[in-house]
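Analysis of the macromolecular model
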Number of protein chains: 2
Amino acid sequence: MKKNPTQKYASIIFKKHNHNVCFNNAMKAFQKHCFEKNLKLTPLRIKVFEFLLRDHQPLGAYQILDMLRDSGFGSTPPIAYRVLDFLIEQGFAHKIKRLNAFVACSHLGSTHSPAFMICRKCEKVAEINEKESGVNLKKAAPFDFKIEEAVIEVIGLCISCITVEAT
Amino acid sequence: MKKNPTQKYASIIFKKHNHNVCFNNAMKAFQKHCFEKNLKLTPLRIKVFEFLLRDHQPLGAYQILDMLRDSGFGSTPPIAYRVLDFLIEQGFAHKIKRLNAFVACSHLGSTHSPAFMICRKCEKVAEINEKESGVNLKKAAPFDFKIEEAVIEVIGLCISCITVEAT
DNA sequence: ATCGCCATGTTATAATATAACATACGTTTA
DNA sequence: TAAACGTATGTTATATTATAACATGGCGAT
């Protein structure tokens with residue numbers, strides 16, 4: 001049984017892991033998606049997605065703009081926000097409201113109702129799926145409310161930061 | 001068995017209800033809390049809490065500032081943000097990230113892990129507790145992550161707006 | 001070849017939030 | 001009682017995040 005370590009447990013994000021696997025899988029999925037949906041795989045979009053994939057650190061729009069400037073791209077706010085909107089719409093990035101920042105999606109290609117674990121110390125973010133998160137929105141149905149979407153952000157300490165803090 | 005209708009079902013917030021009960025209970029609890037904790041119950045704090053209690057519409061900081069100006073209070077941003085921080089710390093208000101806005105707390109006096117149902121149309125907000133929300137954070141524990149806090153915001157359509165939309 | 005689409009670029013500004021310092025007032029303390 | 005202190009409020013300036021509106025340029029379809 002071959003398994004992709006990035007899919008098995010979200011918590012690996014907080015540990016050392018073979019990040020090349022994360023990176024390459026995601027980039028390939030992105031290329032494939034754009035090809036299949038006939039969307040333009042432009043240098044700018046690739047670059048921003050690369051930034052988000054670098055590690056699992058969320059990036060603010062203005063951080064991304066700085067990095068774009070360094071790479072010779074335009075660097076006024078709409079540049080970043082538009083690419084981010086694109087990535088989010090296509091399911092390759094998420095916005096973390098807690099941090100006003102953006103992360104690459106870790107559950108590529110599947111429709112999902114994401115939840116996030118955010119380390120308050122290192123600010124790395126792991127994405128977990130609905131099942132993993134213990135979230136069952138069906139249960140919320142007794143209310144006269146038609147649920148369309150849920151934003152779930154769990155804040156705490158990741159395993160690496162717990163370890164450091166204990167020393 | 002006497003029960004406070006504001007406690008029974010969060011969804012009553014989206015319907016007509018005896019809002020005087022909501023308002024008076026909350027204001028009394030606030031007064032009691034400040035007295036017991038020896039915190040200053042100032043005109044400014046009372047006024048801002050009143051604004052939040054008016055209906056169940058979240059208010060942005062700058063909306064509150066406008067209302068404060070109309071009431072003869074100072075109206076520069078720190079005025080509002082400081083009072084809001086106070087109310088949040090004391091458990092009488094919450095921030096709704098989705099809306100960059102603030103609401104009075106509906107579960108006064110009890111420690112709780114709140115979740116919110118936000119109507120995308122009328123933008124009213126109902127607070128529900130963790131159990132009601134269908135979120136079970138205990139289940140998220142298999143991860144090597146120490147949970148400290150969760151932000152849960154469910155977006156959808158409230159019963160009143162469903163009814164209107166159906167006509 | 002030109003039209004239209006769409007990504008990118010630019011300019012300006014809106015919306016949200018905080019830092020740093022000033023004032024005012026009641027309480028404690030010398 | 002006067003000085004010292006703590007805390008709430010007020011003010012000025014600025015930081016941070018995000019969007020509106022319009023311009024340019026490439027590229028494929030007709």
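Residues numbered from 1 in each chain as written. Chains lettered and ligands numbered in written order. Predicted model: local features only at pLDDT ≥ 70, side-chain atom pairs only at ≥ 80, totals over all residues. Heavy atoms only, no water.

So, the pattern of salt bridges
- Counted under the stated rule, the structure contains 14 salt bridges over all chains.
- In this structure, K32(B) and E36(B) form a salt bridge, with 3.4 Å as the shortest nitrogen-oxygen distance. In this pair, K32(B) and E36(B) are both assigned in helix α2 (residues 19-36), 4 residues apart and thus about one turn of the helix distant. Side by side, K32(B) and E36(B) carry an identical accessibility label, which is exposed.
- Connected through salt bridges with shared partners, the residues R120(A), K146(B) and E148(B) form a single ionic network. (Salt bridge = Lys/Arg side-chain N within 4 Å of Asp/Glu carboxyl O. Helix = DSSP H or I, 4+ residues; strand = E, 2+ residues; numbered from the N terminus. Buried < 20%, exposed > 50% of the residue type's maximum accessible area, 1.4 Å probe, protein only.)

A word on the packing of α2(B) against helix α3 (residues 43-53) of chain B
All names here are of chain B.
- The geometry of α2 relative to α3 is characterised by a closest axis approach of 10 Å and an angle of 150 degrees between their N-to-C directions. In terms of their interaxial angle, α2 and α3 are classed as roughly antiparallel. Handedness of the crossing formed by α2 with α3: right-handed. Along the contact surface, α2 presents H19, F23, A26, M27 and F30, while α3 presents R45, I46, F49, E50 and L53. (Axes fitted to C-alpha atoms, helices over the stretch in contact; angles between N-to-C directions. Parallel < 35°, antiparallel > 145°, perpendicular 65-115°, else oblique. Left-handed = near helix turned anticlockwise from the far one by under 90°. Contact = heavy atoms within 4.5 Å.)

A few points about the protein's contact with DNA strand C
- For DNA strand C, the set of nearby residues contains 15 residues, the closest of which are T42(A), T76(A), R82(A), Y62(B) and K95(B).
- In DNA strand C, atoms within 4 Å of the protein come 43% from sugar and phosphate.
- For DNA strand C, a phosphate oxygen lies 2.5 Å from a polar atom in the side chain of T42(A).
- Between Y62(B) and DNA strand C, the recorded distance is 2.6 Å, taken from a side-chain N or O atom to a base nitrogen.
- For the surface near DNA strand C, the secondary-structure elements that each account for two or more residues are α3 (43-53) and α5 (77-89) of chain A together with α5 (77-89) of chain B.
- Partitioned by chemical class, the residues of the surface near DNA strand C number 7 nonpolar, 4 polar and 4 charged. (Near = heavy atom within 4 Å. Polar contact = N/O pair within 3.5 Å; in protein donor to acceptor, adjacent residues only side chain to side chain. Nonpolar A, V, L, I, M, F, W, Y, C, P; charged D, E, K, R; others polar.)

As for helix α4 (residues 61-70) of chain A
Residue and element names in this part refer to chain A.
- Looking at α4, one finds that the buried residues are A61, I64, L65, M67 and L68. For α4, the arc enclosing every buried residue in end-on projection is 165 degrees, short of the 170-degree limit, so these residues lie on one face. Of the residues in α4, the exposed ones pointing more than 90 degrees away from the buried face are Y62 and D70.
- The secondary structure elements touched by the buried residues of α4 are α3, α5 and β2 (101-104).
- Looking at the residues trailing α4, positive phi occurs at G72, about 85 degrees. (Arc of directions from axis to C-beta.)

Overview of the protein's contact with DNA strand D
- Neighbouring DNA strand D are 15 residues, the closest being Y62(A), K95(A), T42(B), T76(B) and R82(B).
- Counting only atoms of DNA strand D within 4 Å of the protein, the sugar-phosphate share comes to 43%.
- One of the side-chain N or O atoms of Y62(A) is found 2.6 Å from a base nitrogen in DNA strand D.
- At 2.9 Å from a phosphate oxygen of DNA strand D is found a side-chain nitrogen or oxygen belonging to Y81(A).
- For the surface near DNA strand D, the secondary structure elements donating two or more residues are α5 of chain A together with α3 and α5 of chain B.
- The residue makeup of the surface near DNA strand D, split by class, is 7 nonpolar, 4 polar and 4 charged.

A short note on the side chain of H94(A)
Residues and elements named next belong to chain A.
- Residue position: H94 is located in strand β1 (residues 93-96).
- Relative accessible area serves as the criterion here: at 12%, H94 is assigned to the buried category.
- Of the polar contacts made by the side chain of H94, one reaches the side chain of E127; its length is 3.1 Å.

The values reported here are purely geometric and, on their own, carry no functional implication.
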